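The primary structure of each chain is shown beneath.
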Amino acid sequence: MTRPSRVRLLLGSSCLAVVIAVVAGAAISAPRAAHDSGDEVLLDRAANAEPSDTNRPLDRAPLPAVELHRLDGTAVNTTDLLGTPLIINIWYSTCLPCKRELPDLARVQREVGDRVRFIGVDIFPASQTEESFARDRGVNYELFYDPDGNLTSMLGITTAPTTLFVDADGTIIEETGVLTAGRLRQIIAEVLG
């Protein structure tokens, strides 16, 4: 093979490698883009507050016993949260619908916090950034972290936000997607009394 042929072959191979790298990079980033656009789809369903079609139905399922963590690293088992009705909101800071619904959750929690225990479960690792994100939106209820996905995987939850309504004995009696303050009040009245 002559020197010019080798150079063309080398250049052609290099170009092919660049094209493959670009295509692979696009493929890797595609799920994130789909997830972001999925957040927008969930916003369209906010009025109905129905669970995502991708989450496993949880009606009457028991709340699994898993460890969640506080910002300071202390572990709390979900069984220790029982004894009063619970509203468990699963969220994270880069979720646009989560950002929009957190102030409504905080508002309703201030109204009914003596009858219903609200907790937020962030799927990201515990950090001051995550904590501040919620606090800046008025959240004063307890925040826990599930960075390994133990709670969400045991429940088959694949989208956020997801809110679970759990009776005092630990039975999940309702599951929703994005909530407004009005819809949250309605569900509390209907299923938690």
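In case you missed it, the structure is sitting above this.
Residues numbered from 1 in each chain as written. Predicted model: local features only at pLDDT ≥ 70, side-chain atom pairs only at ≥ 80, totals over all residues. Heavy atoms only, no water.

(A) Representation of the environment of Thr159 in the model. Tracing the backbone shows Thr159 in the loop between helix H4 (150-155) and strand E6 (162-166). It is 8.9 Å that separates the C-alpha atoms of Thr159 and Trp91, two residues lying 68 residues apart in sequence. (Helix = DSSP H or I, 4+ residues; strand = E, 2+ residues; numbered from the N terminus.)

(B) The packing of aromatic side chains, seen in detail. Under the defined criterion, the tally for this structure stands at three aromatic pairs. Seen in terms of ring centroids, Trp91 and Phe133 are 5.9 Å apart; in terms of plane orientation they differ by 10°. Their pairing is stacked. Within this pair, whereas Trp91 is found in strand E3 (residues 86-91), its partner Phe133 is found in helix H3 (residues 128-135), the two being separated by 42 residues in sequence. Taking the centre distance of 5.2 Å and the plane angle of 40° together, the rings of Tyr92 and Phe124 count as tilted. (Phe/Tyr/Trp six-rings, centres within 6.5 Å; stacked < 30°, edge-to-face > 60°.)

(C) Summary view of helix H5 (residues 181-192). With twelve residues, H5 should reach 16 Å at 1.5 Å per residue; the first-to-last C-alpha distance of 15 Å fits that figure. Looking at the buried side of H5, the elements it contacts are E3, helix H2 (96-112), strand E4 (117-122), E6 and strand E7 (172-176). Within two residues after H5, Gly193 carries a phi angle of roughly 75°, on the positive side. (Expected span 1.5 Å × (residues − 1). Contact = heavy atoms within 4.5 Å.)

(D) Molecular detail of the state of the cysteines. All chains considered together, the criterion is met by one disulfide. The partner cysteine of Cys95 in its disulfide is Cys98, sulfur to sulfur 2.4 Å. Given an S-S torsion of about 80°, the disulfide between Cys95 and Cys98 has right-handed geometry. (Disulfide = S-S within 2.5 Å.)

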